[in-house]
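If you want the building blocks of each chain, they are given just below.
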Amino acid sequence: MIYGAHVVLYSADAEADRAFFRDVLEYPSVDAGHNWLIFALPPAELAVHQTESDGGHELFLMCDDVEAFVEQMAQRGVACADLSTERWGSLTRLTLPSGGTLGVYQPSHPSPLTGG
């Protein structure tokens, strides 16, 4: 029955962040009316982590070459944080036009998207 997931990002400047996803990341979108863009996302994974209280959620984009991604963003005028190596992959963060941050990583963990 379920065929996808709808992710919501809350933003202090939604119009600028929508333009970022449209123009910089070049995600395809549809206009649901009144410039309310809904973007197609690549396939996704879901991980459930233990915590003391419910409520917090995070969104990370995954890529196959995070160094190439950082270089591509630099060419588009978008600064990324220095790469860090975590036990689950190589991670950078970029700042959205609204000031929010978005993690982008190259996974080193098994993935159901790639067959393990």
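The structure this text deals with has already been given above.
The present account deals with the structure reproduced in this document. (Residues numbered from 1 in each chain as written. Predicted model: local features only at pLDDT ≥ 70, side-chain atom pairs only at ≥ 80, totals over all residues. Heavy atoms only, no water.)

**Some remarks on the nonpolar core**
Under the convention used in this document: By convention a nonpolar core is built from buried Ala, Val, Leu, Ile, Met, Phe, Trp, Tyr and Cys residues, the set being connected through side-chain atoms within 4.5 Å. Buried means the residue's accessible area, taken with a 1.4 Å probe over protein chains only, is under 20% of the maximum for its type, while exposed means over 50%, and partly exposed covers the values in between. Here a strand is any run of E in DSSP of at least two residues, a helix any run of H or I of at least four, and the numbering for each starts at the N terminus. Note on definitions: a residue-residue contact is assigned when non-hydrogen atoms from the two residues lie within 4.5 Å.
Core analysis: the largest hydrophobic core is formed by 18 residues, its most contacted members being Phe20, Phe21, Leu25, Phe69, Met73 and Leu94. Contributions of two or more residues to this core are made by α1 (14–24), β2 (37–39), α2 (66–75) and β6 (101–107). Not counting residues within four places of it along the chain, the set of residues in contact with Leu94 comprises Phe20, Phe69, Met73, Val78, Ala79, Cys80, Gly100, Thr101, Leu102 and Val104.

**Observations regarding unusual backbone geometry**
Most peptide bonds take the trans form, and the phi angle of most residues other than glycine is negative. Despite not being glycine, Glu26 has its phi angle at roughly 60°, a positive value. For Glu26, the location among the structural elements is in the loop between α1 and β1 (29–31).

**Describing the environment of Ser108**
Let me state the cut-off plainly: Whenever a nitrogen or oxygen atom comes within 3.5 Å of another N or O atom, the pair is scored as a polar contact, on the condition that within protein one atom can donate a hydrogen and the other can accept it, and that pairs from neighbouring residues in sequence are kept only if both atoms are in side chains.
Looking at the element boundaries, Ser108 is found in the segment after β6. Along the backbone, Ser108 and Thr51 are 57 residues apart, and their C-alpha atoms lie at a distance of 23 Å. Setting aside residues up to four positions removed in sequence, Ser108 forms contacts with Arg87, Trp88 and Gly89. At 3.2 Å, the side chain of Ser108 and the backbone nitrogen of Gly89 are in polar contact.

**Section: the pairing of β6**
The cut-off we apply is this: DSSP-based pairing: two strands are paired if at least 2 bridges between them are found.
By the bridge criterion, 3 bridges tie strand β3 (residues 60–62) to β6 in an arrangement that is parallel. Counted as the bridge partner of Met62 is Tyr105 from β6. Pairing analysis gives 7 bridges linking strand β5 (residues 89–95) to β6, with the strands arranged antiparallel. If you follow Leu91 over to β6, its bridge partner there is Tyr105. Taking the residues between adjacent antiparallel strands as the criterion, β5 and β6 are bridged by 5 residues, where Gly99 takes a positive phi near 105°.

**Considering the pattern of salt bridges**
Rules: What counts as a salt bridge is simple: a side-chain nitrogen of Lys or Arg found within 4 Å of a carboxyl oxygen of Asp or Glu.
With the rule as written, the count across this model stands at 2 salt bridges. Here Asp23 and Arg22 are joined by a salt bridge, their closest N and O atoms 2.7 Å apart. When its relative accessible area of 36% is taken as the criterion, Arg22 is described as partly exposed. Glu26 is the partner of Arg76 in a salt bridge, and the nearest nitrogen-oxygen pair spans 3.7 Å. Of this pair, Arg76 sits in the loop between α2 and β4 (84–86) while Glu26 sits in the loop between α1 and β1; the two residues are 50 residues apart in sequence, bridging distant segments of the chain. Overall, the relative accessible area of 32% leaves Arg76 in the partly exposed class.

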